[in-house]
Amino acid sequence: MEKLNYQIKVTGKVQGVFYRASTKAVADQLGIKGTVKNMPDGSVEIVAEGSSILLAMFLDWCAEGPEKAQVEKVDHREGEVQNFINFEVIKKH
């Protein structure tokens, strides 16, 4: 099955609501690999790799987010496959 790479940007109230930790939990359940991190503009950036079916399910979840999140918008575009070995939360430096 072909692996795809999605660059995803989630905007709304998505920081300080366990969005990154919840994203990792869902990605791990679905077998999606990649990264998630908070951005300075208040959005969350996700790089996700997996099959188109799994990524569609993952995008649906991203639009909902965890209980306290208020997702306004989810944008995604295809990127170059980087063959991540796991899904990682990137903390601020």
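Residues numbered from 1 in each chain as written. Predicted model: local features only at pLDDT ≥ 70, side-chain atom pairs only at ≥ 80, totals over all residues. Heavy atoms only, no water.

A.B. asks: Can you tell me about the sheet that holds strand S3 (residues 44–50), naming the residues and giving the values?
C.D. replies: Taken in spatial order, the five strands of this open sheet run S4-S1-S3-S2-S5, and their pairing is mixed. This sheet does not close on itself; its edge strands, each paired only once, are strand S4 (70–78) and strand S5 (87–90). Each strand axis lies, on average, 15° off the axis of its neighbour in the sheet, ignoring direction. In the sheet, strand S2 (residues 33–38) pairs with S3 via six bridges, with the strands oriented antiparallel. Paired with Gly34 across the strands is Ala48, a residue of S3. Along the sheet face, helix H1 (residues 19–30) touches strand S1 (4–13), S2, S3, S4 and S5 and points at about 175° away from the line of S5. (Pairing = 2+ DSSP bridges. Helix = DSSP H or I, 4+ residues; strand = E, 2+ residues; numbered from the N terminus. Axes fitted to C-alpha atoms, helices over the stretch in contact; angles between N-to-C directions. Contact = heavy atoms within 4.5 Å.)

A.B. asks: Could you give me a rundown of the nonpolar core, with the residues and numbers involved?
C.D. replies: With 23 residues, the main nonpolar core has Ile8, Val10, Tyr19, Ile32, Ile46 and Phe58 as its most contacted residues. Broken down by secondary-structure element, the contributors of at least two residues to this core are S1, H1, S3, helix H2 (52–64) and S5. With five residues, the top contributor of residues to this core is H2. In this structure Phe58 touches Ile8, Thr23, Val26, Ala27, Leu30, Ile32, Ile46, Ala48 and Phe87, once residues within four positions along its chain are discounted. (Core = buried A, V, L, I, M, F, W, Y, C linked by side-chain atoms within 4.5 Å. Buried < 20%, exposed > 50% of the residue type's maximum accessible area, 1.4 Å probe, protein only.)

A.B. asks: Account for H2, with residues named and values stated.
C.D. replies: Between its first and last C-alpha, H2 extends 19 Å over 13 residues, near the 18 Å set by a 1.5 Å rise per residue. Buried residues along H2 sit against S1, H1, S3, S4 and S5. Just beyond H2, the residue with positive phi is Gly65, at close to 75°. (Expected span 1.5 Å × (residues − 1).)

A.B. asks: Residue-level account of the environment of Gly34, with values.
C.D. replies: In this structure, Gly34 sits in strand S2. Owing to a relative accessible area of 0%, Gly34 belongs among the buried residues under this scheme. On a C-alpha basis, the gap between Gly34 and Glu88 in space is 6.3 Å, while along the polypeptide they are 54 residues apart. Beyond its immediate sequence surroundings of up to four residues, Gly34 is in contact with Val47, Phe84, Asn86, Phe87 and Glu88.

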